[in-house]
Amino acid sequence: MPAPQPSLATPFRTHTCGQLRSADEGAEATLAGWVHRRRDHGQLIFLDVRDRHGITQVVVDRTDEPATHAAASRVRSEYVVSVRGMVARRLPGTENSRLPTGAIELRATELVVLNEAKTPPFYVNDPDAPIDETLRLKYRYLDIRREAMQQRLLLRSRLVQAIREVHHAEGFVEVETPTLIKSTPEGARDFIVPSRLQPGTVYALPQSPQQLKQILMVGGIDRYFQIARCYRDEDLRGDRQPEFTQLDLEMSFVDEAAVMDFVERMVVAVSRATTPERPIQATPFPRFTFEEAMERFGSDKPDVRFGMELVDLAPALVDGDGQPASGFRVFDEALAAGGRVMAIVAPGMGGATRREIDDLADRARRFGAKGLAWVAVEADGSMRSPIAKFLGDERAATIRERAGANKGDLILVVADAATITSDVLGRLRVELGARLGLADPDVLAYCWVHRFPMYQWDADAGRWDATHNPFSGVVPEDEALLVTTSGDVANPSPDDPAGRARALQYDVALNGWELGGGSVRIHRRELLERSFRLQGYTIARMRERFGAILEAFEYGAPPHGGIAIGIDRWAALLAYQSNIREVMAFPKTQSGADPMLEAPAPPEPEQYAELGLRFVGVHPTTAAE
């Protein structure tokens, strides 16, 4: 039996504007909302009255209700009104099948204007009207009235509700952590807040509750979660905002498999509760190691809704002794230098024009490649390529066989350093997948990528950097690799065994976006200090930055791990959006501004004085960035 619906009646309404049906014929009802559209036919005035629940047509007849008709003649779009009347069936042939309330209308006996409205700067009632985004953000309260925006916010609300329900059912405890903390390295700049009570010091707004949730594990809260507000001062793009929301969770006495298994169950349950109409491509989710994902898809957040996987052409380009022998200098030099020659096959693009192929080559160069080679397989099976004269017919046929290309396909080849080759082809794969319609937009294709490299070498700083999170654990059999060739962790080099260590890190991806990332953490102080030393921290520096968690680990820290999943990204993908601003009530622009509140803004002089601050200008290095 479905749960009973709550009553939304108030002193201004008995029903919402999306509630009345044919069964209510003859009942008296009062509606309140905004005038969505007004049509004046002389004796009859039709008002479409709207709230977030729907739209109901109201009819005012001058013959029957002259005073109400006079009031209705003065209203305009977006006026706020309350209307009382009798529910009646619409005349045959005038029903509106597009509205759930389309079989009835409210024949008004009383209309009260609760508030007038100026003419909006854009059409609220036209879902297809092109509107500049800056204008939408400046008048966000009007934009939120539009049905599409409301539906996205309602979807986000369902998403968060489902998240909470699943976690509470699984024994998690919801704990709020502070938003005024100490600055710690999290991969981006911190937003800082000067302290008035302790002049000369600052708080940082958290980029994530990382240390706090681990300290909760030390405190015995063995299953924690939070819908956490986080802040990062970084350059913005479609999937980034300076303030964002994430599902943050941590679990004690778990290994990598236990965390991933729970997160997968949770993601499936939440997806089905939020968007039951959207199929999940595969359960259990496909799992790829980082190396496998890069080799097959050229991405650590692969879109697995379609194939077009990367192919290593080297076996088709060498002689019997394994030496480069393609006859094409670019391929041979790349292989001789230890690089890769790899390809993707664009199905059905064998007839692409030279202009289309040149456009792909330009994109490849913008992605970092030196160029893009191609071989088109014609409908009759013959091959067309500007490098055919170097390869010869036999070698070209071998390449086609190796790539798995069929008649009518286009083989795109990049020859370069391994990382460049896979990255360029991975990005071309995503673009072509969208252009060729290979990815079903309705399908939710989740997958896991795990076993990332523990560190990456920072040549400028001369140290190792954590690829994900400085607290990430190491695959147990790789723990012995967390050493340097010099024998001194304070003297690292790019040849250190630490560069081969794999982390207990895992990302969950959805339709080509990184949805979230986490790890099983280091829970022993000695090992955490050793990892920090490899990352260039002195003992004094790490105690200054991470003293609380290091000390906490001395009082008995359980094995623990967790994940953070971006609520904004998840909601955007579930709502078919490519920009998280479309699922946020009050986002910032690409430059980090709020046009509605006109923020950020200079502080009042008194605020500076209270904090003991004064503005002296932008530092030259910051301005250069």
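Each chain has its residues counted from 1, running along the sequence as written. Given that the model is predicted, a residue must reach a pLDDT of at least 70 before its local features are reported, and side-chain atom pairs must reach 80 or more before they are shown or counted; all residues, however, enter totals for whole chains, interfaces and linings. The side-chain quantities take in all heavy atoms of the structure and omit both hydrogens and water.

On to the environment of Gly 437, then. Here a helix means four or more residues in a row that DSSP labels H or I, a strand means two or more in a row labelled E, and each is numbered from the N terminus. Take Gly 437: it is sitting in the loop between α11 (418-435) and β17 (446-450). For every residue, the accessible area (1.4 Å probe, protein chains only) is compared with the maximum for its type, and the residue is labelled buried under 20%, exposed over 50%, or partly exposed between those bounds. Look at Gly 437 and you get exposed, because its relative accessible area is 56%. Counting along the chain gives 131 residues from Gly 437 to Phe 306, while the straight-line C-alpha distance between them is 9.5 Å.

With that settled, the discussion passes to the environment of Ser 271. Note that Ser 271 resides in helix α6 (residues 256-274). Along the chain, Ser 271 and Arg 541 lie 270 residues apart, while their C-alpha atoms are 43 Å from each other. Only heavy atoms matter for contacts: two residues are in contact if any of them lie within 4.5 Å across the pair. Ser 271 has contacts with Pro 276, Ile 280, Leu 444, Tyr 446 and Trp 570, leaving out every residue within four places of it along the chain.

Right, let's talk about the packing of aromatic side chains for a bit. Stacked, edge-to-face and tilted labels apply to pairs of Phe, Tyr and Trp rings (six-membered ring for Trp) whose centres lie within 6.5 Å, assigned for plane angles under 30 degrees, over 60, and everything in between, in that order. For the coordinates displayed, the defined rule picks out 15 aromatic pairs. Summarising the aromatic geometry, the rings of Phe 285 and Tyr 446 are spaced 5.0 Å apart at their centres and angled 20° between planes, so their arrangement reads as stacked. Separated by 161 residues along the polypeptide, Phe 285 in the loop between α6 and β11 (287-289) and Tyr 446 in strand β17 bring together distant segments of the chain. On the basis of relative accessibility, which here comes to 1%, the residue Tyr 446 falls in the buried class. Between the aromatic rings of Phe 328 and Phe 331, the centroid separation amounts to 4.8 Å while the plane-to-plane angle is 85°, which identifies the pairing as edge-to-face. With relative accessibility at 2%, the residue Phe 331 sits in the buried group.

With that settled, consider the side chain of Gln 505. Considering the arrangement of structural elements, one finds Gln 505 in strand β20 (residues 505-510). Under this definition, polar contacts are N or O atom pairs within 3.5 Å; protein pairs additionally need one hydrogen-donor-capable and one acceptor-capable atom, and for neighbouring residues in sequence, both atoms have to be side-chain atoms. Polar side-chain contacts of Gln 505 include one of 3.2 Å to the side chain of Thr 467. Within the structure, Gln 505 has its side chain in polar contact with the side chain of Ser 472 (distance 3.2 Å). If we skip the residues at most four places from it in the chain, Gln 505 touches Glu 256, Val 449, His 450, Arg 451, Phe 452, Pro 453, Thr 467, His 468, Asn 469, Ser 472, Gly 518 and Ser 519.

Let's shift gears to helix α10 (residues 388-403). Along its 16 residues, α10 runs just 16 Å from first to last C-alpha, ending more than 12% under the 22 Å computed at 1.5 Å per residue. Taken together, the buried positions of α10 are Leu 391, Ala 396, Ile 399 and Ala 403. Close packing links the buried residues of α10 with β12 (311-312), α8 (329-336), β13 (340-346), β15 (383-384) and β16 (410-416). At the C-terminal side of α10, Gly 404 shows a positive phi close to 75°. The span you would expect from a helix comes to 1.5 Å times its residue count less one.

Here the focus is the pattern of salt bridges. The rule for a salt bridge is simple: a side-chain nitrogen of Lys or Arg has to be within 4 Å of a carboxyl oxygen of Asp or Glu. The tally for this structure, following the rule as stated, stands at 52 salt bridges. Glu 582 is the partner of Arg 152 in a salt bridge, and the nearest nitrogen-oxygen pair spans 2.7 Å. Taken together, the positions of Arg 152 in helix α4 (residues 147-169) and Glu 582 in the loop between α14 (567-574) and α15 (605-611) put the pair 430 residues apart, joining distant regions of the chain. The salt bridge involving Arg 287 is made with Asp 261; its shortest N-O contact spans 3.0 Å. Of this pair, Arg 287 sits in strand β11 while Asp 261 is found in helix α6, placing the two residues 26 residues apart along the sequence. Judged by its relative accessible area of 34%, Arg 287 is partly exposed. Given a relative accessible area of 37%, Asp 261 falls into the partly exposed group.

This paragraph deals with the sheet that holds strand β14 (residues 373-377). Being paired, for any two strands, means DSSP has found at least two bridges between them. Reading across from one edge, β12-β13-β16-β14-β15 is the order of the five strands in this open sheet, with antiparallel pairing throughout. Either end of the sheet is taken by a strand with one partner, and the two such strands are β12 and β15. For β14 and β16, the ladder comprises four bridges, and the chain directions are antiparallel. Bridging from a neighbouring strand, Trp 374 pairs with Leu 412 of β16.

With seven of its seven residues buried, β13 lies for the most part within the structure. Burial along β13 is two-sided: the residues Arg 340, Met 342, Ile 344 and Ala 346 and Val 341, Ala 343 and Val 345 are all buried. In this structure, β12 lies alongside β13, joined through two bridges in antiparallel fashion. Counterpart to Asp 312 in the pairing with β13 is Met 342. Strand direction decides the pairing type here: β13 and β16, joined by seven bridges, are antiparallel.

The subject of this paragraph is the nonpolar core. Ranked by internal contacts, the top residues of the largest apolar core, which has 46 residues, are Leu 247, Leu 249, Val 263, Met 266, Tyr 446, Ile 565 and Trp 570. Among the elements that take part in this core, α6 stands out by supplying eight residues, more than any other. Beyond its immediate stretch of four places on either side in the chain, Val 263 contacts Leu 249, Trp 448, Ile 563 and Ile 565. Put simply, a nonpolar core is a bunch of buried Ala, Val, Leu, Ile, Met, Phe, Trp, Tyr and Cys residues held in one set by side-chain atoms that sit within 4.5 Å of each other. In terms of nonpolar packing, the next biggest core, distinct from the first, is built from 25 residues, Met 308, Ile 357, Leu 428 and Ala 439 among them.

With that out of the way, let us pick up unusual backbone geometry. For the peptide bond that leads from Thr 283 to Pro 284, omega is -5°, which places it in the cis range. Summarising the element assignment, Pro 284 is placed in the loop between α6 and β11. The omega torsion across Ala 599 and Pro 600 is 0°, close enough to zero to call that bond cis. Tracing the backbone through its elements, the reader meets Pro 600 in the loop between α14 and α15. Of note, Asn 511 is a non-glycine position whose phi angle comes to about 50°, a positive value. Within the secondary structure, Asn 511 is located in the loop between β20 and β21 (513-520). On the accessibility criterion, Asn 511 (10% relative accessible area) is buried. Backbone geometry places Glu 598, a non-glycine residue, at a positive phi of 55°. The topology assignment puts Glu 598 in the loop between α14 and α15.

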